[in-house]
There are 2 protein chains.
Amino acid sequence: MSLLIVGSVAYDVIELPGREPIEGLGGSASYFTTAASILTRPSLIAVVGDDFLPEDHAFLNGRGIDTSGLTTRTGPTFRWQARYHKDMKGRDTLRTDLGVFADFSPVIGPGLNHPDILFLGCIKPSLQRCVMSQVARPRLVGLDTIECWIADDREDLVELRKSTDILFVNDDEVMQLGCGRSVVASARAVMDLGVPYVVVKRGEFGAILFHGDRIWLFPAFPLDGVQDPTGAGDSFAGGALGFLDVLQEFDTDAIRLAMAVGTVMGSLCVEGFGPRHLAGVTVADLQGRLEAYLDMMSLDKARAIAAMSALTKGGNA
Amino acid sequence: MSLLIVGSVAYDVIELPGREPIEGLGGSASYFTTAASILTRPSLIAVVGDDFLPEDHAFLNGRGIDTSGLTTRTGPTFRWQARYHKDMKGRDTLRTDLGVFADFSPVIGPGLNHPDILFLGCIKPSLQRCVMSQVARPRLVGLDTIECWIADDREDLVELRKSTDILFVNDDEVMQLGCGRSVVASARAVMDLGVPYVVVKRGEFGAILFHGDRIWLFPAFPLDGVQDPTGAGDSFAGGALGFLDVLQEFDTDAIRLAMAVGTVMGSLCVEGFGPRHLAGVTVADLQGRLEAYLDMMSLDKARAIAAMSALTKGGNA
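In this text, all values refer to a predicted model and were calculated from it rather than measured experimentally.

**Regarding the pairing of strand S11 (residues 197-201) of chain B**
Residue and element names in this part refer to chain B.
Item 1. Counting buried positions along S11 gives five out of five residues, so the element sits mostly inside the fold.
Item 2. The two faces of S11 match: Tyr197, Val199 and Lys201 on one face and Val198 and Val200 on the other face are all buried.
Item 3. Two strands pair when backbone bridges link them, and strand S10 (residues 166-170) and S11 are joined in this way by five bridges, in the parallel orientation. Looking across to S11, one finds that Val169 is bridged to Val200.

**Comments concerning the sheet that holds strand S6 (residues 79-84) of chain A**
Pairing between the strands of a sheet is mediated by backbone hydrogen bonds and can be parallel or antiparallel.
Residue and element names in this part refer to chain A.
Item 1. Here four strands make up an open sheet; going across it, the order is S3-S2-S6-S7 and the pairing mixed. Sheet topology places strand S3 (22-26) and strand S7 (91-97) at the edges, where each strand pairs with a single neighbour. Going from strand to strand, the sheet's axes swing by 25 degrees on average, the running direction of each strand aside.
Item 2. Pairing between strand S2 (residues 10-15) and S3: five bridges, direction antiparallel. Bridging from a neighbouring strand, Ile14 pairs with Ile22 of S3.

**Some points on the relation of the copies chain A and chain B**
Item 1. Superposing chain A onto chain B requires a rotation of 180 degrees together with a translation of 0.0 Å along the rotation axis, leaving an RMSD of 0.0 Å. The transformation relating the two chain copies, once decomposed into turn and shift, fits a two-fold axis.
Item 2. Comparing interface residues between copies, 100% of those in chain A also lie at the interface in chain B; the contact surface is shared.

**Regarding the interface of chain A and chain B**
Item 1. Opposite the 66 residues of chain A that make contact, chain B presents 66 residues.
Item 2. Regarding the contact of chain A and chain B, the summed buried area is about 5800 Å², with carbon and sulfur atoms giving 63% of it.
Item 3. In this assembly, chain A and chain B are joined by ten salt bridges.
Item 4. Where chain A touches chain B, the interface holds eight residue pairs in polar contact (both at pLDDT 80 or more).
Item 5. For the side of chain A that touches chain B, the secondary structure elements donating two or more residues are helix H7 (183-192), strand S13 (214-218), helix H8 (232-247), helix H9 (252-269), helix H11 (283-297) and helix H12 (301-309) of chain A.

**Quick notes on the sheet that holds strand S2 (residues 10-15) of chain B**
Residue and element names in this part refer to chain B.
Item 1. Strand order in this open sheet of four strands is S3-S2-S6-S7, and the pairing throughout is mixed. Among the strands making up the open sheet, the edge pair consists of strand S3 (22-26) and strand S7 (91-97). Each strand axis lies, on average, 25 degrees off the axis of its neighbour in the sheet, ignoring direction.

**As for the confidence of the model for chain A**
Item 1. The predicted model of chain A averages 93 in pLDDT, with 98% of residues at 70 or higher.
Item 2. With pTM at 0.93, the complex prediction returns an ipTM value of 0.89.

**Things to note about helix H9 (residues 252-269) of chain B**
Item 1. With 18 residues, H9 of chain B extends 25 Å between its outermost C-alpha atoms, agreeing within 8% with the 26 Å of an ideal straight helix rising 1.5 Å per residue.
Item 2. Counting buried residues in H9 of chain B gives 16 out of 18 residues, a clear majority hidden from the surface.

**Description of the packing of aromatic side chains**
Item 1. Counted by the stated rule, this structure contains 15 aromatic pairs over all chains.
Item 2. Across the ring face of Phe59 of chain A, the terminal group of Arg276 of chain A is positioned such that the distance to the ring centre comes to 4.6 Å.

**Structural notes on the packing of helix H6 (residues 171-178) of chain B against helix H7 (residues 183-192) of chain B**
Two packed helices can be described by the angle between their axes and the distance between those axes.
All names here are of chain B.
Item 1. The geometry of H6 relative to H7 is characterised by a closest axis approach of 8 Å and an angle of 55 degrees between their N-to-C directions. Considering the angle they form, H6 stands oblique to H7. Crossing geometry of H6 relative to H7 is assigned as left-handed. Residues Asp171, Val174, Met175, Leu177 and Gly178 of H6 pack against Val183, Ser186, Ala187, Ala189 and Val190 of H7.
Item 2. The residue makeup of the contact of H6 with H7, split by class, is seven nonpolar, two polar and one charged.

Each value, and the rule that gives it
Residues numbered from 1 in each chain as written. Chains lettered and ligands numbered in written order. Predicted model: local features only at pLDDT ≥ 70, side-chain atom pairs only at ≥ 80, totals over all residues. Heavy atoms only, no water. Buried < 20%, exposed > 50% of the residue type's maximum accessible area, 1.4 Å probe, protein only. Helix = DSSP H or I, 4+ residues; strand = E, 2+ residues; numbered from the N terminus. Pairing = 2+ DSSP bridges. Axes fitted to C-alpha atoms, helices over the stretch in contact; angles between N-to-C directions. Least-squares fit on C-alpha atoms with pLDDT ≥ 70 in both. Contact = heavy atoms within 4.5 Å. Buried area = accessible area lost by both parts, 1.4 Å probe. Salt bridge = Lys/Arg side-chain N within 4 Å of Asp/Glu carboxyl O. Polar contact = N/O pair within 3.5 Å; in protein donor to acceptor, adjacent residues only side chain to side chain. pLDDT = per-residue confidence, 0-100. Expected span 1.5 Å × (residues − 1). Phe/Tyr/Trp six-rings, centres within 6.5 Å; stacked < 30°, edge-to-face > 60°. Lys NZ or Arg CZ within 6 Å of the ring centre and 35° of its normal. Parallel < 35°, antiparallel > 145°, perpendicular 65-115°, else oblique. Left-handed = near helix turned anticlockwise from the far one by under 90°. Nonpolar A, V, L, I, M, F, W, Y, C, P; charged D, E, K, R; others polar.

Spelled out as structure tokens, the structure:
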């Protein structure tokens, strides 16, 4: 049981409609590990500046996260500022100060270089490759990326296809990477490159899992109110891969269940602010919401097929 | 077995990105009845002008649709022109010429005034009330509406709550009608008015069914390419209520299955142009896609719960 993530630990300033800007711990690796830490004990490879607060370090340690791979360099921690649109869906990045993250060169020590599961968080593809070269082949590798790297580092990304089991992307990213006329066609094109599983994340509308010629749908858990959408995708991945790390099963059925767990984790994430909010979530919360989610999706297939087969009596078939 | 719809029969001019405008039969009642006619023999109450083409009349009759309630008046048929945005999601209405539809005054003759199921398509709420007053209480009443009537005719709409079993609305409409801070809260507020089932249609992202404190999710069937999104919502309703008309069951489980049938019907609609395209769809097509759809949604709940209950060993619970 070992889950390693390489990604960013940052300070976010989030501007939500009608609220004062909120500053606090952020970054893909913070959300991912906090979510995963509800289920397992993930390890973290990241870099922070010498302004990184001891209380934030203590928070991560307190979650049972192995932070031996979190290095501190002289200079400022990565800072990111964004303003959400009124509908809480779109957002504009106001500021990206990479700080010490600009020279991030991940080193995977001997204690961390044989994980069961590796998550290559959203960092430059050449760094993701550098990480891959330092670890024994994990049982499962997840990879996240964004549009700028699909545009500028396509060669590195395509090279990573060989070692990626699950690619996490959104609608625009899969279209950009797969160059198909639709999300479905693009996901198929990415799988043709050699990636066995493609997860297309659609924010408040959920996710789709592609594998071979199969498709599975994971609509979002409906919420009465979203506080802050930041980190939903990383919490989704952290929940999904944290679940698989405990389950220690990596077949398609396990991965499908993991997507349901990820969906539920993403919904818990956006009900509060920052990764610290996720620390208040228990396994029991997750279990309860997962059960409710499965009920919302359940349909009696046998009854449906029986009903459909009786339908020819009325229509134009 | 009787399904009655009151709505619009129109000529649409649809401008899709990179294509010449396409003109042809449209309107909520045309899509609804053509979709429903795959499963059952719906009846239609609508009005057309004296320019309505005999071949379009023949098309509807040829589908087994009872058009005895389709009246012809002197003047032009309702015409609607819209241009879709490049992403095929949003659209702008370029032209709305009501023609004879402006003076539409539905009269339900003695052969049609005791339907099992009544669908009050998207017409002025006062006309929907006028229809209700002319029919014996159906076993199920579906109602569709849009933002302009929620704004201008709220009183008539709220009055209709008493006789509506299923309300079909989109995200914006349910928020406007329910005045909640979210889709979930707004749907609950609408149910508090006395509507037992609320269906929120979300286009390419599917639909949500609300009933009491229960929620069920119907993600859209993923398609490799959308030809024309027009009529998807009416085909959804036509498929759902056509299914219930054949099934002749009206409990919650039946309504949930109907939502899956509607979702699949909507996906078949948008793969071609206009209601005529739906005439090429067979019950077998629908059955095949429904089975594929149920597979895309199926999760092994027992395994999920078992897996989740084993999770406390690793995490911070």
